[in-house]
Amino acid sequence: MIEDFPKNELEFDRRFRDEQACIDYLFLLRWPEGFICPGCGHTEFWKSARDLYLCQRCQKQTSVTSGTIFHGAKKPLIVWFKALWWFSTRKSGVNALTLQEFLGLGSYRTAWCWLQKLRTCTIFSERKPLSGQIEADEFYLGGKRSGNRGRGADHKCKVAIAVERQGRKLGRLRLQVIDNCSSAQLLPFVKSNVIAGCQVSTDGWKGYNGLEKDFVHHRVLSAQSENRESVLPGVHLVVSLVKRVILGTFQGRFDAEYLQRYLDEYVFRFNRRTCKSIGKRFWRIMQQAVCSPPITNRQLRLGAT
């Protein structure tokens, strides 16, 4: 598919200045080689005055938004496009209150649901596993409370992390909410996100016992290092950045059942931090949005993905 996206916000505003421009863009993304009936696969159609596409064979009516993340949207597409632009191009993301104010939405709940829907579009099924040299660890998110710290902090959300090391630089990232720090959780996380045979560096935690069966397992013991930050420097850098975003953009507040979506959003942005144009992130999210099935507000509130 030919890359087609506005390079900056000024170009975005010029290009998507009305509803028809948004409809035309969605059409090209959904059917880059021409209309295909979702019912029978026929390519000939009539277009109605309401921007519905009527298949000449089976008579099925289709719109550019039906069967997509925009299905049933009551707000104009031009408003959705603006929300998606801000969501995909802001370095630290945007929270629901800010989006509500930017777009003049009637309620906080509407802005919250929109952002949750867009977060479900940040993970691509065709993404490739991590490769090369990998650092893997786990960390904890949650407010300060009395009780155990570290791996014994049951009140905090536990997150597994794996990041590529490319010399002194970092490559791609994976984050996943886990129930506990046992090998039953950590080993499947690494195996599903890293190509077999790669070198995986971890600390001395027993939960990583068994990695050597599929990977070159390199243990870095904190007892042999002058400070903990130098044990897995890539991991600790990313963890500090994630916590900064959670604290800054979302004021440190999140519901545990929705945390994976926030992490998915962060991974999407982190892995595309070197894009020459911020518009490419908008384009990639939009591609996913027209391929993602509809999700209701009730499903969002229940934590469905």
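Scroll up a little and you will see the structure.
Small disclaimer: the values here were computed from a predicted structure and weren't measured.

### A closer look at the sheet that holds strand S8 (residues 216–219)
The strand order S6-S5-S4-S7-S8 describes an open sheet built from five strands, whose pairing is mixed. The open sheet has two free edges, formed respectively by strand S6 (169–178) and S8, since each of these has just one partner strand. For this sheet, the mean inter-axis angle between neighbouring strands, taken without regard to orientation, is 25 degrees. Inspection of the sheet shows strand S5 (residues 157–166) paired to S6 by eight bridges, in the antiparallel sense. Paired with isoleucine 161 across the two strands is leucine 175, which belongs to S6. Seen against the sheet, helix H7 (residues 233–248) touches strand S4 (133–141), S5 and S6 and runs at an angle of roughly 40 degrees to S4.

### As for the packing of helix H5 (residues 108–119) against helix H8 (residues 259–271)
Between H5 and H8, the shortest axis-to-axis distance is 9 Å and the interhelical angle comes to 60 degrees. In terms of orientation, H5 and H8 fall into the oblique class. For the crossing formed where H5 meets H8, the hand is left-handed. Here H5 contributes Trp112, Gln116 and Arg119 to the contact with H8, which in turn contributes Arg261, Tyr262 and Glu265. Across the contact of H5 with H8, the residue classes tally to two nonpolar, one polar and three charged.

Calculation rules
- Residues numbered from 1 in each chain as written.
- Predicted model: local features only at pLDDT ≥ 70, side-chain atom pairs only at ≥ 80, totals over all residues.
- Heavy atoms only, no water.
- Pairing = 2+ DSSP bridges.
- Helix = DSSP H or I, 4+ residues; strand = E, 2+ residues; numbered from the N terminus.
- Axes fitted to C-alpha atoms, helices over the stretch in contact; angles between N-to-C directions.
- Contact = heavy atoms within 4.5 Å.
- Parallel < 35°, antiparallel > 145°, perpendicular 65-115°, else oblique.
- Left-handed = near helix turned anticlockwise from the far one by under 90°.
- Nonpolar A, V, L, I, M, F, W, Y, C, P; charged D, E, K, R; others polar.

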